[in-house]
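# Report on the structure
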Amino acid sequence: MAEQKFSLSVCVCVCVCVCVCMCVCVWAVRAMMCGCGRDDFQEELVIRPLHSGDIYASFQFRTVWETDFMRGNKVSHYRLFPKSLGQVISKFSVRELHISFTQGYWRTMQWGQPFQPSPPGAELWVWFQDSVTDVDGTWKELTNVLSGIFCASLNFIDSTNTVQPSASFKPLGIGNETDHRFLRYATLPREIVCTENLTPWKKLLPCGSKAGLAVLLKSEKLFHSSFHSQAVHIRPVCQDWQCKTTSWELRQTLNVVFDLHNSAQGKREWSLFKMFSRTLTEACPLASSSKIYIDITDNPQGEQFEVSPATPLLSQAVVLGDRRTFSVYDLTQQITFGTVRSLNLLIRWKSSDMLRPLLHAERYVAGYGLQTGEIHTLMYNNHPYRSFPVLLLDSVPWYLRLYIHTLTVTSKGKDNKPSYIHYQPSKDRLRPHLLEMLVQLPPNSVTEVTVQFERALLKWTEYTPDPNHGFYVGSSVISSLVPSIVAMDTNSTRERPLFSSFFPCKEESSYFVRVYTEPLLVNLPTPDFSMPYNVICLTCTVVAVGYGSLYNLLTRSFQIEEPSPGLAKRIANIIRKMRGVPPL
Amino acid sequence: VHLTISQSRAASSANHIQPLLVDNAGQFFSSGHTNNWAVLVCTSRFWFNYRHVANTLSVYRSVKRLGIPDSHIVLMLADDMACNHRNPKPATVFSHKNMELNVYGDDVEVDYRGYEVTVENFLRVLTGRLPPSTPRSKRLLSDDRSNILIYLTGHGGNGFLKFQDSEEISNVELADAFEQMWQKRRYNELLFIIDTCQGASMYERFYSPNLMALASSQVGEDSLSHQPDLAIGVHLMDRYTFYLLEFLEDIHPASKTNMNDLFKVCPKSQCVSTPGHRTDLFLRDPGSVLITDFFGSVRKVEITMETINLTDPIKQVEQRKYSYVDQLPVSEIIHQKPKQKDWHPPDGFILGLWTLILLVFFKLYGMKHLKHIF
């Protein structure tokens, strides 16, 4: 009996062991086969009160996917990464893609530097892989596909507004070679941003606009603001600190500045409900981290503004050359939402101050009349004793004919010779002007770049339906390495908030910044489109009246005709005719 | 939305649904069309034509509500009113005064906007002759079993419709485009609605079968706008589309209202103009045509029980070391040699050429000419 029991228990143990081993084996095999394709999604919101009373909110949604679109194996199972963008990357052999849609102009002097700069209108720049043979053809197809994805008129990007910068716009992702033949940059300053662009942008998020921070993105509040910019950035990044393998990163960013008077009725009191007309109830379940950061650097003891509900979590990060302190709200923790199950942050002001930005720029058109003009670009270096180099990229459409012999660069009244100039002249109706210059800005100075131009007369079919509005010239791009007060963090893979890891950092003493100027609106000589009808009427009248009467005078022959006689004479003539006698 | 479920497994335990299934299947195959498309066009630019955009958006809203998905709607708006700087309430387009109904909504997708709305693009969308790189959302991918709704609004006259104040489409061109669509089997039945002045002139020239047309006014009459809103400052809607929207708000996906009720929308007492319609080219009796045949959507759903296995991608391990690129490498940029794109002849070539020409000239004609020159 005991033997039987013993053998039974042994059998049972053996069976159990075998089962466990098999399970472990199966799991191990599956893990080995499937040790790939891991994707991760993080979302964050940074709220920074600005010293003018406005408030700046920056959303970032980041999806990282360890996969390889380029090796020829067709990726067909998409989880967090949107399928439409994945297919675009593999079909057009894209190495990096950056597209932004902006409404409004970023006022650097009042608001500081944005986390992700963008020019007004639409901007698209793409690095293609080395394997692409016809870059221009691929670029054209890519812009058409993107215009369908984002419901924007990106199909108006063609060779007349595309440039190939030679030194600006180096790749933001990893890569060893940078041959600028594979870079294309285009901007559409006229492009309008509205709900129809936000809708497909929100559809790219894993949780859509149903859960997490994207719940706050309501168009009626977002477009009633001073500045609204939404962007998509795709680039390859290092997977870990060794950087032997790459993964694809998709960042969707949305920057918005709410105006004190439009949205807050003049009172310096902001809350999530006032800004977005929504409060938060949960984090996105697919997100590995979901955080809100509030910039409290100017407010260490709570004397300038107060934030409620209070949170004990604090974090420090070095961003834009400055060490800032943030209050952190972690939405993946249930206690953040408190007893009411919803989070509505309140920020109440007292007074405030701002760090003066070191680099900002302005641009305007000078001159009068419809024939000539002058473009002035001013770059301000506000650092008291350090000078730094800036790379200025100007892309001017072909119908403003630039006279490069009138190009002058002056700083503090003296001539400032750029150390690198790349100029590509325009060809009518084919390509725009491209001017790139590396200028050293002296400390505490204003550098002015002026160039004269002449306006061209377009063919009458090339005018837009509303030509008296004017024609837009895209923003200039100023890229620079600005000296930083605080040491920047060069370790790229340490766990950092998303807003501080956008631009890769190679040295500790300076940080990379990109500033955009205003777009210009110039009037071209416009014909009066109602004139053809008037001219036809006038010409036909003159021809009919003048020529007709002259023709009659020349070709008419005159015959003498007797005047008709009176009644009595006529009766007498009739009687005489009857008698056979000649008439009177 | 009409749903037909065809099960691949015999429903042995549900005998009572068999007659219902047969009835639904019969009804499904008798209606003649299997998918619905809509092409909604607003042709006017400038802020004072706000009402035309509101017209188009209210039809878009009704069509979406009744079931046609965005992928089957081609929406063309010639100007942006919602985010226009003159709009006191951005991201909204209202159809009723006192801002009662926002027809712009939160999930609108505009396919052709701004300068893209031209006569050429409209005719290319209808006939399907688009450049190969056009994305799918901008194409009308209809087949011979599609019912298409086409709605046009803007400023028009006797025999033409104005696009963006700079070009026109005539009724002859439109009729020819529909004939091309018929010959290419691009529609099963087509409903054409136009809300402009003298709109009935646009459907006078149609000659292809299976076309039904409605217009807001007869030849010689003007279509009038409905009401201004004092806060926004412009007229919000046209009368015909306003009453059409009111009529459509009562329709739900399962309603059985037919076309004869649509013809009665906006009589002369409400519209001031006389709406017209044309049904002689339509093969079915308008009384048997449901509103949802054009404004709603038919979707065929098939449920399958088979499982599909997804294969795991195989990862290749690369041993190369990567690094980020320097964003502003000043020394590299300064020493970069600018690339010469255009070919220039070598230096001195032109000078040598001219010397050669002069030498040959003096050899031929003698040296006596030399003293005249020097």
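Keep in mind it's a predicted model, so treat the numbers as computed, not measured.

Counting secondary structure elements, chain B contains 11 helices and 12 strands. Within the span of chain B, comprising 374 residues, buried residues form 49% of the whole. Of all intrachain contacts in chain B linking residues separated by at least 6 positions in sequence, the fraction that spans at least 24 positions is 73%.

Between two packed helices, the angle of one axis relative to the other and the distance separating the axes together describe the packing. Residue and element names in this part refer to chain B. One way to put it is that helix α3 (residues 119-127) packs onto helix α4 (residues 171-183) with a least axis distance of 9 Å and a crossing angle of 25 degrees. The angle between α3 and α4 falls in the class roughly parallel. The way α3 lies across α4 gives a crossing that is right-handed. Residues V119, F122, L123, L126 and T127 of α3 lie in contact with α4, whose contacting residues are E173, L174, A177, F178, Q180 and M181.

Moving on: the state of the cysteines. Residue and element names in this part refer to chain A. All chains considered together, the criterion is met by 4 disulfides over all chains. Here C207 pairs with C284 through a disulfide, and the sulfurs are 1.8 Å apart. Disulfide C207-C284: the torsion about the S-S bond is 75 degrees, which places it as right-handed. Of the two residues, C207 is situated in the loop between α5 (195-203) and α6 (219-222) and C284 in the loop between α8 (272-276) and β10 (289-295); the sequence distance between them amounts to 77 residues. Taking the relative accessible area as the measure of exposure, C207 reaches 15% and is therefore buried. Paired by a disulfide, C238 and C243 hold their sulfur atoms 1.8 Å apart. Residues C238 and C243 are joined through a disulfide that is left-handed, its torsion about the S-S bond being -55 degrees. A relative accessible area of 12% places C238 in the buried class. Look at C243 and you get buried, because its relative accessible area is 4%. Residue C505 stays outside any disulfide, its sulfur separated by 14 Å from that of C238, the closest cysteine. Owing to a relative accessible area of 18%, C505 belongs among the buried residues under this scheme.

All names here are of chain B. In the numbering used here, UniProt assigns the feature "active site" (unreviewed entry) to H155 and C197. A maximum C-alpha distance of 6.5 Å places the annotated residues, which cover 43 residues in sequence, within one compact spot. Filtering out sequence-adjacent residues up to four positions away, H155 remains in contact with T43, S44, N49, R51, H52, L161, K162 and T196. Polar side-chain contacts of H155 include one of 2.9 Å to the side chain of N49. Along the chain, C197 falls in the loop between β9 (189-195) and β10 (211-215).

Let us look at the interface of chain B and chain A. Taken residue by residue, the interface counts 50 residues in chain B and 71 residues in chain A. For the pairing of chain B and chain A, the buried interface totals around 5500 Å² over both sides, and the portion due to carbon and sulfur atoms is 55%. By the criterion of area lost to chain A, the three top residues of chain B are B:R113, B:Y324 and B:Q327, representing 17% of everything that side buries. Counting across the interface, chain B meets chain A through 5 salt bridges.

Parameters at a glance
- Residues numbered from 1 in each chain as written.
- Chains lettered and ligands numbered in written order.
- Predicted model: local features only at pLDDT ≥ 70, side-chain atom pairs only at ≥ 80, totals over all residues.
- Heavy atoms only, no water.
- Helix = DSSP H or I, 4+ residues; strand = E, 2+ residues; numbered from the N terminus.
- Buried < 20%, exposed > 50% of the residue type's maximum accessible area, 1.4 Å probe, protein only.
- Contact = heavy atoms within 4.5 Å.
- Axes fitted to C-alpha atoms, helices over the stretch in contact; angles between N-to-C directions.
- Parallel < 35°, antiparallel > 145°, perpendicular 65-115°, else oblique.
- Left-handed = near helix turned anticlockwise from the far one by under 90°.
- Disulfide = S-S within 2.5 Å.
- UniProt positions renumbered as here; feature names shortened; annotations may be inferred.
- Polar contact = N/O pair within 3.5 Å; in protein donor to acceptor, adjacent residues only side chain to side chain.
- Buried area = accessible area lost by both parts, 1.4 Å probe.
- Salt bridge = Lys/Arg side-chain N within 4 Å of Asp/Glu carboxyl O.

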